[in-house]
Amino acid sequence: LGRGAVALCEGNASAPPLAPPSLGDVRASVAASLARESRRYAAYGALSSVKEGLQAATFWNYVYSPAEYGPFLPVSRSWNFVKQAANNDWAYVIFDWDNIFATYMTSLDPAAKDVAYSNFIQVVRSRTSRGFVPNYSAGGSKSVDRTEPPIGAKVLLELHRKYSDTWLVRLLFDDLKRWSDWFLASRAFGPARLISLGSDRIDGFKDAAANAMQGARYESGLDNSPMYDGAFFNATVAVDGAFAVGQMELYDVGMASMFVQEAESLSELARLLGRADDVAALSARAAAQRALIKAHLWDAESGIFVNRFWNGTFYRRISPTSFYALMAGAATDEQAAAMVEQWLHSPERFCIAKDGDMQGNHDDCYWGLPSIQRSDPAFPPLG
């Protein structure tokens, strides 16, 4: 360094050649770019450091692979599901809802809109031939046995509300609708026709978790949640030759509620595209699953929506996903008030202080909203 050219210059090929930049030139250029970027954070006021941290976290993982349509934002550079990658430059994995969350976070800054769009397209277009967005996708490898929580249409709707880019809706709508169709066809085999988690068997597909309880847990996006401790996975809910549907024999409040939100979002997106038949059908789809949540998953004894075994028994391992029923519009005003008062604000359960000041919380639940209620046996002693 400091002994000659240290970088390349871009310019007009027909213009006279530019002198290679010196180390001082490079340092000055980097300093100017840093100052310009730092000034952008000022618009976020007291949250400027949050903006800086979040942007650094997502863009540190910003990569490109010719196996995808464009650049994307994997959750980590250390995760790799590419089979026989030539070297680490080709190693990556796209996770369904993780990457969709990254899309939404990145899209909040208009300067990063194109990055968010590209990332979103890679996730949705990883869709399998059966119609669902897989739990993971990398270099052609996919989890053809399972998906993850459906949030794509909701995020697409939020992107359109912010930027009004109907072309993106037109590009991805049918992919997202097929994902919703797949849920009804492949994850509603219980007697009540509510959504349950699953993982299927496809002869020839190799994955240690496929067609097993762990695969179904992965489908939840909450891989190790105590909600799913136990042995209630049925590997042969439906069988067709080399293919078998496997499901937890447990109706899932969180997944069913996200399915409702997704169907409602799809209905709104269909309205943007002038697809009247889809508007009506998707709205009816959301209403039907919402009614099932109301009818089967409200636990009057506990005063909250609870996962329920197919045999009708409630499985009272309560996590924040019980509150997703509010998002789905399944609760009455009285039920919603009871859930907030008796569960969300309780220092023995989810520890959200009414004034947001942590007052009254136990030391092991000081920050609030643990991944399993504080009174559950699996709650760690120190939170």
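A.B. asks: I'd like to hear about the overall build of the protein, residue by residue, with values.
C.D. replies: Each helix and strand in the protein was counted, giving eleven helices and ten strands. For the protein, the spread of C-alpha atoms along the three principal axes comes to 80 × 60 × 45 Å. In the protein, which comprises 383 residues, the proportion classed as buried is 46%. Here the protein contributes 36 positively and 42 negatively charged side chains, and the mean placements of these two sets differ by 4 Å.

A.B. asks: I'd like to hear about unusual backbone geometry, residue by residue, with values.
C.D. replies: One non-glycine residue, Gln84, lies in positive phi territory at about 55 degrees. One can find Gln84 in the loop between α2 (48-59) and β1 (94-95). Positive phi, normally seen in glycine, also occurs at Arg193, with a value near 65 degrees. Counting through the fold element by element, Arg193 comes out in the loop between α6 (166-186) and β4 (196-198).

A.B. asks: Residues and numbers for the sheet that holds β1, please.
C.D. replies: Reading across from one edge, β1-β2-β3 is the order of the three strands in this open sheet, with antiparallel pairing throughout. Edge strands, defined here as strands with exactly one partner in the open sheet, are β1 and β3 (141-142). Sheet topology places strand β2 (residues 136-138) next to β3; two bridges connect them, and they run antiparallel. Considered in β3, the bridge of Ala138 is made with Ser141.

A.B. asks: Kindly report on the state of the cysteines, identifying the contributing residues and their values.
C.D. replies: For the structure on display, the rule yields one disulfide. The residue that forms a disulfide with Cys351 is Cys365, at a sulfur-sulfur distance of 2.0 Å. An S-S torsion of about 100 degrees defines the bridge between Cys351 and Cys365 as right-handed. One end of the pair, Cys351, is in the segment after α11 (333-344); the other, Cys365, is in the segment after α11, with 14 residues separating them in the sequence. You'll find Cys351 and Cys365 in the same group, each marked buried.

A.B. asks: Explain the packing of aromatic side chains to me, using residue names and the numbers behind them.
C.D. replies: This structure, assessed with the given rule, holds 20 aromatic pairs. A centroid spacing of 5.6 Å and a plane angle of 65 degrees characterise the contact between Phe59 and Tyr62, whose relative ring orientation is edge-to-face. Phe59 gets classed as partly exposed once you look at its relative accessible area, which sits at 29%. With centroids separated by 5.8 Å and ring planes inclined at 70 degrees, the aromatic side chains of Tyr117 and Trp167 adopt a geometry described as edge-to-face. Here Tyr117, found in helix α4 (residues 113-124), pairs with Trp167, found in helix α6; they are 50 residues apart in sequence, far enough to count as distant. According to the relative accessible area criterion, Trp167 is partly exposed, its value standing at 44%. Cluster of aromatic residues (ring-pair linked, three or more members): Trp79, Phe81, Phe95 and Tyr136.

A.B. asks: If you had to explain the packing of α4 against helix α5 (residues 152-163) to someone new, which residues and values would you point to?
C.D. replies: In contact at an axis separation of 12 Å, α4 and α5 are set at 155 degrees when each is read in the N-to-C sense. Classified by the angle between their axes, α4 and α5 sit roughly antiparallel to one another. The interaxial crossing formed by α4 with α5 has left-handed handedness. Between α4 and α5, the residues in contact are Lys113, Tyr117 and Phe120 and Gly152, Val155, Leu156, Leu159 and Tyr163, respectively. Of the residues belonging to the contact of α4 with α5, the class tally is six nonpolar, one polar and one charged.

A.B. asks: Any chance you could break down the side chain of Glu68 for me, citing the residues and the numbers?
C.D. replies: In this structure, Glu68 sits in the loop between α2 and β1. With no salt bridge to any partner, buried Glu68 finds its closest opposite charge in Lys142, at an N-O distance of 7.8 Å. Within the local environment of Glu68, its side chain forms a polar contact with the side chain of Tyr92, the two groups lying 2.5 Å apart. Sequence-distant contacts of Glu68, that is, excluding residues within four places in its chain, are made with Tyr92, Ile94, Gln122 and Gly139.

A.B. asks: Explain the nonpolar core residue by residue, including any values.
C.D. replies: Residues Phe120, Ile293 and Phe305 are the most contacted members of the largest nonpolar core, which totals 83 residues. For this core, the leading source of residues is helix α8 (residues 253-272), giving ten residues. Once residues lying within four places of it in the same chain are set aside, the contact partners of Phe120 are Ile100, Thr103, Gly152, Val155, Leu156, Leu159, Leu168 and Leu172.

A.B. asks: Account for empty space enclosed by the protein, naming residues and giving values.
C.D. replies: According to the stated counting rule, one finds two cavities of 30 Å³ or more in the structure shown. Lining the largest cavity, in full, are Trp97, Pro149, Leu197, Ser220, Leu222, Tyr228, Asp252, Gly254, Met255, Met258, Thr321 and Tyr324. Element by element, the count of residues in the lining of the largest cavity is highest for α8, at three residues. Split into classes, the residues belonging to the lining of the largest cavity amount to eight nonpolar, three polar and one charged. In this structure, the second largest cavity encloses a volume near 30 Å³. In terms of lining, the second largest cavity is formed by Met227, Phe305, Val306, Asn307, Tyr315, Arg317, Ile318, Ser319, Thr321 and Ser322. For the lining of the second largest cavity, the per-class residue count stands at five nonpolar, four polar and one charged.

Calculation rules
Residues numbered from 1 in each chain as written. Predicted model: local features only at pLDDT ≥ 70, side-chain atom pairs only at ≥ 80, totals over all residues. Heavy atoms only, no water. Helix = DSSP H or I, 4+ residues; strand = E, 2+ residues; numbered from the N terminus. Buried < 20%, exposed > 50% of the residue type's maximum accessible area, 1.4 Å probe, protein only. Lys, Arg positive; Asp, Glu negative; His and termini not counted. Charge placed at Lys NZ, Arg CZ, Asp CG, Glu CD. Pairing = 2+ DSSP bridges. Disulfide = S-S within 2.5 Å. Phe/Tyr/Trp six-rings, centres within 6.5 Å; stacked < 30°, edge-to-face > 60°. Axes fitted to C-alpha atoms, helices over the stretch in contact; angles between N-to-C directions. Parallel < 35°, antiparallel > 145°, perpendicular 65-115°, else oblique. Left-handed = near helix turned anticlockwise from the far one by under 90°. Contact = heavy atoms within 4.5 Å. Nonpolar A, V, L, I, M, F, W, Y, C, P; charged D, E, K, R; others polar. Salt bridge = Lys/Arg side-chain N within 4 Å of Asp/Glu carboxyl O. Polar contact = N/O pair within 3.5 Å; in protein donor to acceptor, adjacent residues only side chain to side chain. Core = buried A, V, L, I, M, F, W, Y, C linked by side-chain atoms within 4.5 Å. 1 Å grid on protein atoms, 1.4 Å probe; cavity = no way out; pocket = protein on both sides within 12 Å on 5 of 7 lines; lining within 4 Å. Points joined across faces, edges and corners; volume = space filled by probe spheres on them.

The quantities given are spatial measurements derived from coordinates; they are silent on function.
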